[in-house]
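Given next are the chains, with one letter for each unit.
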Amino acid sequence: MFRSATPALMLALLAAGCTVIPEAPRPAAVRPVPAPASYAYRLAAPAPAPSARACLADLGVRRAAFTPLPDQYYGAGCATINSVRIAALSGDDGSFGLTNMGPVTCDMADRFAGWARFGVDRAARQVLGSALVRIETMGSYNCRNVAGTDRRSAHAQANAIDVSGFVLADGRRITVLGNWTQGSPAERQFLHLVQTSACKRFGTVLGPEYNPAHRNHFHVEASGNAFCR
Ligand SMILES: [Zn+2]
(Lines give C-alpha, C1' and ligand atoms only; values in the text may rest on other atoms or scores of the structure.)
Protein backbone atom coordinates (compact mmCIF):
# COMPACT_ATOMS: atom_id res chain seq x y z
CA MET A 1 0.00 0.00 0.00
CA PHE A 2 2.90 2.33 0.68
CA ARG A 3 4.00 2.26 -2.99
CA SER A 4 0.58 3.35 -4.24
CA ALA A 5 0.08 5.89 -1.45
CA THR A 6 3.26 7.85 -2.17
CA PRO A 7 2.14 9.43 -5.49
CA ALA A 8 -1.14 10.41 -3.87
CA LEU A 9 0.71 11.99 -0.97
CA MET A 10 2.94 13.89 -3.37
CA LEU A 11 -0.04 15.24 -5.27
CA ALA A 12 -1.61 16.37 -2.01
CA LEU A 13 1.56 18.12 -0.99
CA LEU A 14 1.91 19.80 -4.40
CA ALA A 15 -1.67 21.01 -4.16
CA ALA A 16 -0.80 22.52 -0.78
CA GLY A 17 2.09 24.44 -2.36
CA CYS A 18 4.86 22.34 -0.89
CA THR A 19 7.96 21.45 -2.83
CA VAL A 20 8.70 17.81 -2.78
CA ILE A 21 10.81 17.63 -5.90
CA PRO A 22 14.26 16.70 -4.68
CA GLU A 23 16.85 19.40 -5.17
CA ALA A 24 19.12 18.82 -8.17
CA PRO A 25 22.62 17.88 -7.09
CA ARG A 26 24.95 20.88 -7.02
CA PRO A 27 27.43 20.94 -9.89
CA ALA A 28 31.03 20.21 -9.05
CA ALA A 29 33.01 23.29 -8.02
CA VAL A 30 33.63 25.49 -11.05
CA ARG A 31 37.10 26.90 -11.46
CA PRO A 32 36.71 30.71 -11.50
CA VAL A 33 37.64 32.48 -14.70
CA PRO A 34 40.66 34.72 -14.03
CA ALA A 35 39.58 38.35 -13.95
CA PRO A 36 41.22 40.84 -16.28
CA ALA A 37 44.21 42.56 -14.69
CA SER A 38 42.43 45.88 -14.27
CA TYR A 39 39.47 44.20 -12.58
CA ALA A 40 41.79 42.23 -10.32
CA TYR A 41 43.51 45.50 -9.42
CA ARG A 42 40.25 47.15 -8.44
CA LEU A 43 39.40 44.21 -6.22
CA ALA A 44 42.83 44.24 -4.63
CA ALA A 45 43.21 48.00 -4.28
CA PRO A 46 42.29 49.19 -0.80
CA ALA A 47 40.20 52.32 -0.50
CA PRO A 48 42.44 55.38 -0.08
CA ALA A 49 43.39 56.02 3.53
CA PRO A 50 41.68 59.03 5.14
CA SER A 51 44.94 60.99 4.96
CA ALA A 52 45.22 60.26 1.22
CA ARG A 53 41.63 61.40 0.65
CA ALA A 54 42.28 64.56 2.69
CA CYS A 55 45.32 65.33 0.52
CA LEU A 56 43.33 64.96 -2.70
CA ALA A 57 40.67 67.24 -1.24
CA ASP A 58 43.36 69.83 -0.35
CA LEU A 59 44.66 69.70 -3.89
CA GLY A 60 41.14 70.32 -5.15
CA VAL A 61 40.78 73.34 -2.85
CA ARG A 62 43.99 74.69 -4.38
CA ARG A 63 42.24 74.48 -7.76
CA ALA A 64 44.89 72.18 -9.16
CA ALA A 65 44.02 70.24 -12.32
CA PHE A 66 45.17 66.72 -11.55
CA THR A 67 44.44 63.02 -11.99
CA PRO A 68 44.85 60.53 -9.12
CA LEU A 69 46.96 57.54 -10.23
CA PRO A 70 46.70 53.88 -9.16
CA ASP A 71 49.44 52.73 -6.79
CA GLN A 72 52.30 51.09 -8.67
CA TYR A 73 55.20 49.07 -7.26
CA TYR A 74 58.15 48.73 -9.62
CA GLY A 75 60.43 46.76 -7.30
CA ALA A 76 63.97 47.66 -6.26
CA GLY A 77 62.66 50.35 -3.90
CA CYS A 78 60.77 52.20 -6.64
CA ALA A 79 57.05 52.96 -6.38
CA THR A 80 54.39 55.59 -6.94
CA ILE A 81 51.98 55.45 -3.98
CA ASN A 82 49.17 57.96 -3.36
CA SER A 83 50.38 59.81 -6.43
CA VAL A 84 48.80 62.16 -8.92
CA ARG A 85 49.57 63.66 -12.29
CA ILE A 86 49.28 67.45 -12.25
CA ALA A 87 48.16 69.16 -15.46
CA ALA A 88 47.98 72.75 -14.18
CA LEU A 89 48.08 74.83 -11.00
CA SER A 90 46.29 78.00 -10.00
CA GLY A 91 47.63 81.34 -8.82
CA ASP A 92 45.86 84.33 -7.30
CA ASP A 93 44.68 85.19 -10.80
CA GLY A 94 45.12 82.70 -13.62
CA SER A 95 46.77 79.32 -13.88
CA PHE A 96 50.16 77.93 -14.89
CA GLY A 97 51.21 74.88 -16.81
CA LEU A 98 54.06 72.49 -16.12
CA THR A 99 56.51 70.76 -18.40
CA ASN A 100 58.00 67.25 -18.09
CA MET A 101 55.99 66.36 -15.01
CA GLY A 102 55.47 62.69 -14.29
CA PRO A 103 53.75 61.21 -11.22
CA VAL A 104 54.27 62.90 -7.85
CA THR A 105 52.96 61.93 -4.44
CA CYS A 106 49.89 63.88 -3.41
CA ASP A 107 51.83 65.38 -0.49
CA MET A 108 54.49 66.58 -2.92
CA ALA A 109 51.86 67.96 -5.32
CA ASP A 110 50.13 69.82 -2.48
CA ARG A 111 53.36 71.48 -1.30
CA PHE A 112 54.29 72.28 -4.91
CA ALA A 113 50.90 73.87 -5.59
CA GLY A 114 51.31 76.15 -2.55
CA TRP A 115 54.86 77.07 -3.50
CA ALA A 116 53.94 77.77 -7.14
CA ARG A 117 51.22 80.19 -6.09
CA PHE A 118 52.67 81.94 -3.05
CA GLY A 119 56.39 81.46 -3.62
CA VAL A 120 56.80 81.71 -7.39
CA ASP A 121 53.83 83.51 -8.96
CA ARG A 122 53.74 86.26 -6.32
CA ALA A 123 57.52 86.73 -6.48
CA ALA A 124 57.32 87.00 -10.27
CA ARG A 125 54.63 89.68 -10.04
CA GLN A 126 56.35 91.64 -7.28
CA VAL A 127 59.96 91.45 -8.44
CA LEU A 128 59.65 91.08 -12.20
CA GLY A 129 56.25 92.71 -12.77
CA SER A 130 54.77 89.79 -14.71
CA ALA A 131 52.69 86.76 -13.75
CA LEU A 132 53.93 83.18 -13.94
CA VAL A 133 52.51 81.13 -16.81
CA ARG A 134 54.65 77.98 -16.78
CA ILE A 135 57.05 76.08 -14.55
CA GLU A 136 59.62 74.04 -16.44
CA THR A 137 60.85 70.85 -14.81
CA MET A 138 63.33 68.10 -15.56
CA GLY A 139 60.94 65.49 -14.19
CA SER A 140 59.65 63.98 -10.98
CA TYR A 141 59.39 60.17 -10.66
CA ASN A 142 62.58 58.40 -11.64
CA CYS A 143 63.72 54.97 -10.39
CA ARG A 144 67.30 55.90 -9.57
CA ASN A 145 69.82 56.46 -6.80
CA VAL A 146 71.16 59.71 -5.43
CA ALA A 147 74.01 60.49 -7.83
CA GLY A 148 77.26 58.92 -6.66
CA THR A 149 75.65 56.79 -3.90
CA ASP A 150 73.91 53.42 -3.50
CA ARG A 151 70.98 55.15 -1.78
CA ARG A 152 67.60 55.49 -3.51
CA SER A 153 66.68 59.06 -4.48
CA ALA A 154 63.37 60.60 -3.35
CA HIS A 155 62.62 60.63 -7.10
CA ALA A 156 62.30 56.81 -6.85
CA GLN A 157 59.13 57.33 -4.74
CA ALA A 158 57.81 60.29 -6.79
CA ASN A 159 58.60 62.48 -3.82
CA ALA A 160 60.79 65.08 -5.58
CA ILE A 161 60.68 67.45 -8.55
CA ASP A 162 63.59 69.05 -10.40
CA VAL A 163 62.61 72.62 -11.37
CA SER A 164 64.69 74.20 -14.11
CA GLY A 165 62.92 77.42 -15.10
CA PHE A 166 59.95 79.78 -15.11
CA VAL A 167 58.11 81.38 -18.03
CA LEU A 168 56.31 84.67 -17.42
CA ALA A 169 53.27 86.23 -19.06
CA ASP A 170 55.44 88.84 -20.78
CA GLY A 171 57.38 86.05 -22.49
CA ARG A 172 60.49 86.15 -20.32
CA ARG A 173 62.04 82.79 -19.44
CA ILE A 174 64.07 82.74 -16.24
CA THR A 175 66.19 79.60 -15.81
CA VAL A 176 68.34 78.37 -12.96
CA LEU A 177 71.21 77.67 -15.36
CA GLY A 178 71.01 80.95 -17.26
CA ASN A 179 69.97 83.45 -14.59
CA TRP A 180 71.20 82.26 -11.19
CA THR A 181 74.54 84.04 -11.58
CA GLN A 182 74.18 85.78 -14.94
CA GLY A 183 70.69 87.25 -14.76
CA SER A 184 69.80 90.87 -14.05
CA PRO A 185 69.70 91.86 -10.35
CA ALA A 186 65.91 91.47 -10.38
CA GLU A 187 66.10 88.04 -12.03
CA ARG A 188 68.68 86.85 -9.52
CA GLN A 189 66.61 88.24 -6.66
CA PHE A 190 63.57 86.39 -8.04
CA LEU A 191 65.43 83.06 -8.18
CA HIS A 192 66.79 83.50 -4.64
CA LEU A 193 63.31 84.36 -3.35
CA VAL A 194 61.88 81.31 -5.10
CA GLN A 195 64.46 79.06 -3.46
CA THR A 196 63.99 80.64 -0.02
CA SER A 197 60.24 80.14 -0.17
CA ALA A 198 60.74 76.53 -1.33
CA CYS A 199 62.79 75.92 1.81
CA LYS A 200 59.74 76.83 3.91
CA ARG A 201 57.50 74.28 2.17
CA PHE A 202 59.75 71.33 1.34
CA GLY A 203 61.88 69.12 3.57
CA THR A 204 64.84 69.25 1.20
CA VAL A 205 65.82 71.91 -1.34
CA LEU A 206 69.05 71.76 -3.32
CA GLY A 207 70.17 74.46 -5.74
CA PRO A 208 73.23 75.69 -7.62
CA GLU A 209 75.09 76.48 -4.39
CA TYR A 210 74.87 72.84 -3.28
CA ASN A 211 76.96 71.19 -5.97
CA PRO A 212 77.63 71.34 -9.73
CA ALA A 213 74.98 68.65 -10.36
CA HIS A 214 72.36 71.25 -9.34
CA ARG A 215 73.70 74.16 -11.41
CA ASN A 216 70.66 73.93 -13.71
CA HIS A 217 67.77 73.13 -11.36
CA PHE A 218 66.26 73.27 -7.89
CA HIS A 219 65.67 69.82 -6.44
CA VAL A 220 62.59 70.16 -4.20
CA GLU A 221 61.61 67.16 -2.08
CA ALA A 222 58.85 66.59 0.46
CA SER A 223 61.01 64.40 2.73
CA GLY A 224 63.88 65.66 4.84
CA ASN A 225 64.10 68.08 7.71
CA ALA A 226 64.68 71.64 6.52
CA PHE A 227 67.78 70.73 4.52
CA CYS A 228 68.21 73.82 2.33
CA ARG A 229 71.37 74.44 0.29
ZN1 LIG B 1 66.16 65.95 -8.00
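Predicted, not measured: the structure shown is a model, and the values here were computed from it.

## A closer look at the overall build of the protein
Thought 1: When helices and strands are counted, the protein shows 6 helices and 12 strands.
Thought 2: A total of about 13,100 Å² of accessible surface is found on the protein, and carbon and sulfur atoms cover 57% of it.

## Focus on the state of the cysteines
Thought 1: Summed over the entire model, instances satisfying the criterion amount to 3 disulfides.
Thought 2: The disulfide bridge from Cys55 ends at Cys106, spanning 2.1 Å between sulfur atoms. Measuring the twist about the S-S bond at about -105 degrees, one finds the Cys55-Cys106 disulfide to be left-handed. One end of the pair, Cys55, is in helix 3 (residues 50-61); the other, Cys106, is in helix 4 (residues 106-128), and 51 residues separate them in sequence.
Thought 3: Its relative accessible area of 13% is what places Cys55 among the buried residues.
Thought 4: Sulfur-sulfur distance for the disulfide between Cys78 and Cys143 comes to 1.9 Å. Between Cys78 and Cys143 the sulfur-sulfur dihedral comes to about 80 degrees; the bridge is accordingly right-handed. One end of the pair, Cys78, is in strand 3 (residues 78-80); the other, Cys143, is in the loop between strand 7 (132-137) and strand 8 (160-168), with 65 residues separating them in the sequence.
Thought 5: Each bonded cysteine in the protein gets a number by its place in the sequence, and the pairs come out as 1-3, 2-4, 5-6.

## Some details on the packing of aromatic side chains
Thought 1: Scanning the model with the defined rule gives 7 aromatic pairs in all.
Thought 2: With a centroid separation of 5.4 Å and 35 degrees between ring planes, the pair formed by Tyr74 and Tyr141 is classed as tilted. Taken together, the residues span a long stretch of sequence, with Tyr74 in strand 2 (residues 72-75) and Tyr141 in the loop between strand 7 and strand 8 at a distance of 67 residues.
Thought 3: Given a relative accessible area of 46%, Tyr74 falls into the partly exposed group.
Thought 4: An aromatic cluster is present here, built from Phe112, Trp115, Phe166, Phe190 and Phe202 joined pairwise through their rings.

## A closer look at the nonpolar core
Thought 1: In this structure, Phe112, Phe166, Phe190 and Val220 are the most contacted members of the largest nonpolar core, which totals 40 residues.
Thought 2: Elements with a contribution of two residues or more to this core: helix 3, strand 4 (83-90), strand 5 (95-99), helix 4, strand 7, strand 8, helix 6 (185-201) and strand 11 (218-221).
Thought 3: Among the elements that make up this core, the one with the highest residue count is helix 4 (11 residues).
Thought 4: If we ignore the near neighbours within four places in the chain, the residues touching Phe166 are Trp115, Val120, Leu132, Arg134, Ile135, Arg172, Arg173, Ile174, Phe190, Leu191, Val194 and Phe218.

## Re the pattern of salt bridges
Thought 1: Under the criterion given, the structure shown has 8 salt bridges.
Thought 2: Note that Arg125 and Asp121 form a salt bridge whose closest N and O atoms lie 3.1 Å from each other. Of this pair, Arg125 and Asp121 are both found in helix 4, 4 residues apart, which corresponds to roughly one turn of the helix.
Thought 3: The class of Arg125 is partly exposed, set by a relative accessible area of 29%.

## Digging into the side chain of Thr137
Thought 1: Positionally, Thr137 belongs in strand 7.
Thought 2: Polar side-chain contacts of Thr137 include one of 2.7 Å to the backbone oxygen of Thr99.
Thought 3: Within the local environment of Thr137, its side chain forms a polar contact with the backbone nitrogen of Gly139, the two atoms lying 3.1 Å apart.

## Overview of the coordination of the zinc ion
Thought 1: Protein coordination at the zinc ion: the donors are His155 (NE2), Asp162 (OD) and His219 (ND1), at 2.0 Å from the metal.
Thought 2: Spacing between the donor residues of the zinc ion along their common chain follows H-x6-D-x56-H. Taken together, the residues span a long stretch of sequence, with His155 in the loop between strand 7 and strand 8 and His219 in strand 11 at a distance of 64 residues. Accessibility classification places His155 together with His219 in one group, the buried group.

What counts and what doesn't
- Residues numbered from 1 in each chain as written.
- Predicted model: local features only at pLDDT ≥ 70, side-chain atom pairs only at ≥ 80, totals over all residues.
- Heavy atoms only, no water.
- Helix = DSSP H or I, 4+ residues; strand = E, 2+ residues; numbered from the N terminus.
- Areas by Shrake-Rupley, 256 points an atom, 1.4 Å probe, with all protein chains shown as cover.
- Disulfide = S-S within 2.5 Å.
- Buried < 20%, exposed > 50% of the residue type's maximum accessible area, 1.4 Å probe, protein only.
- Phe/Tyr/Trp six-rings, centres within 6.5 Å; stacked < 30°, edge-to-face > 60°.
- Core = buried A, V, L, I, M, F, W, Y, C linked by side-chain atoms within 4.5 Å.
- Contact = heavy atoms within 4.5 Å.
- Salt bridge = Lys/Arg side-chain N within 4 Å of Asp/Glu carboxyl O.
- Polar contact = N/O pair within 3.5 Å; in protein donor to acceptor, adjacent residues only side chain to side chain.
- Donors = N, O, S within 2.8 Å, 3.2 Å for Na, K, Ca; no water.

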